[in-house]
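# Descriptive structure summary
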Amino acid sequence: MREQLRYLEELQRHDARLQEFESTLRVLPEKVQSIRNDLAKMEALLTKEREGLAGTEKFRRDQELSLKADEANIGKSKTKLQQVKTGKDYMAAQREIEAARKSMGEREEEIIKLLEAVETAKKSIAAHDVDVAQLREHVEKETTSIREKMAELEAKASV
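Presented here is an overview of the structure given in this document. As a convention, each chain's residues are numbered from 1 in the sequence order in which they are written. Local features in this predicted model are restricted to residues of pLDDT 70 or higher, and side-chain atom pairs are both shown and tallied only at a pLDDT of 80 or more, whereas totals for entire chains, interfaces and linings draw on every residue. No hydrogens and no water enter the side-chain calculation; it runs on all heavy atoms of the structure.

### A short note on the overall build of the chain
Scanning the chain from terminus to terminus reveals two helices and zero strands. Atoms counted for the radius of gyration: C-alpha only. Globule rule: 2.2 Å times residue count to the power 0.38. What you see for the chain is a C-alpha radius of gyration of 35 Å, clearly larger than the 15 Å of a compact globule of 159 residues, by over 25%. C-alpha extents for the chain along the principal axes are approximately 125 × 20 × 15 Å. Here the term buried applies to any residue with accessible area under 20% of the maximum for its type, exposed to any over 50%, and partly exposed to those in between, with areas from a 1.4 Å probe on protein chains only. The buried share among the 159 residues of the chain stands at 19%. A sequence separation of at least 24 residues applies to 86% of the contacts in the chain between residues at least 6 apart. Only the protein chains shown count as cover for residues, with accessible areas throughout obtained via the Shrake-Rupley method and a probe of 1.4 Å. Split by element, the accessible area of the chain, about 12,000 Å² in all, is 53% carbon and sulfur. Only four residue types enter the charge count: Lys and Arg as positive, Asp and Glu as negative, with His and the chain ends excluded. Charge positions are represented by NZ for Lys, CZ for Arg, CG for Asp and CD for Glu. In the chain, which carries 31 positive and 33 negative side-chain charges, the distance between the mean positions of the two groups comes to 6 Å. In this text, helices come from DSSP runs of H or I with a minimum length of four residues, and strands from runs of E with a minimum of two, each type numbered from the N-terminal end. Here, two residues are considered to be in contact whenever any of their heavy atoms come within 4.5 Å of each other.

### Remarks on the nonpolar core
To form a nonpolar core, buried Ala, Val, Leu, Ile, Met, Phe, Trp, Tyr and Cys residues must be joined to one another through side-chain atoms within 4.5 Å. Among the nonpolar cores identified, the biggest contains eight residues, and these are Ile35, Leu39, Leu46, Leu53, Val118, Ile125, Val132 and Val139. Other than its neighbours up to four places away in sequence, valine 139 contacts Ile35, Arg36 and Leu39. Listed in part, the seven residues of the second largest apolar core include Leu25, Leu28, Ile146 and Met150.

### Let's talk about the pattern of salt bridges
Just to be clear on terms, a salt bridge is a Lys or Arg side-chain nitrogen sitting within 4 Å of an Asp or Glu carboxyl oxygen. One pass over the structure, following the stated rule, counts 10 salt bridges. In this structure, the salt-bridge partner of lysine 122 is glutamate 57, at a minimum N-O distance of 3.7 Å. Remark: glutamate 57 occurs in helix α1 (residues 2-83) and lysine 122 occurs in helix α2 (residues 87-158); sequence separation between them is 65 residues. Ionic pairing is found between aspartate 62 and lysine 58, a salt bridge with its closest N-O pair at 3.2 Å. With aspartate 62 and lysine 58 both in helix α1, this residue pair falls four residues apart, about one helical turn.

### Some details on the side chain of threonine 143
Looking at the element boundaries, threonine 143 is found in helix α2. Look past the residues within four positions of threonine 143 in its chain and what remains in contact with it is Val32 and Arg36.

Worth remembering: the numbers are spatial, not functional.
Structure below.
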């Protein structure tokens, strides 16, 4: 009878260990998925940042084109100014030149701000690229480690 109790106790210990192994085997894939989800979120944020940068650069290029158009308008207005015959036409040409110069000044300020924003965004993206690369490396190491641990636990559980 004692021997049977001893066998039952030993069986109970093995069963408890087996349950512990199985519990760990269920949790480990969830851990892998969790860190992969974190990586995917970081990559999505980085992609959004890159898209924002592309939008800002496009807007800057548009502003530069508008600046060139303003310069061309000033040239046309100066030519027109030389050909005026009345004081009224002269004043109108002067107003056109002043309006174009004012517009150019505003565009130049906007372009400077955009250039600063682009540089800041590029630095931020570079830093986040490094962070994502490190996280990617960490995820791969964790995945490998967890797979090894799972294989080890499965081997122990089958014994």
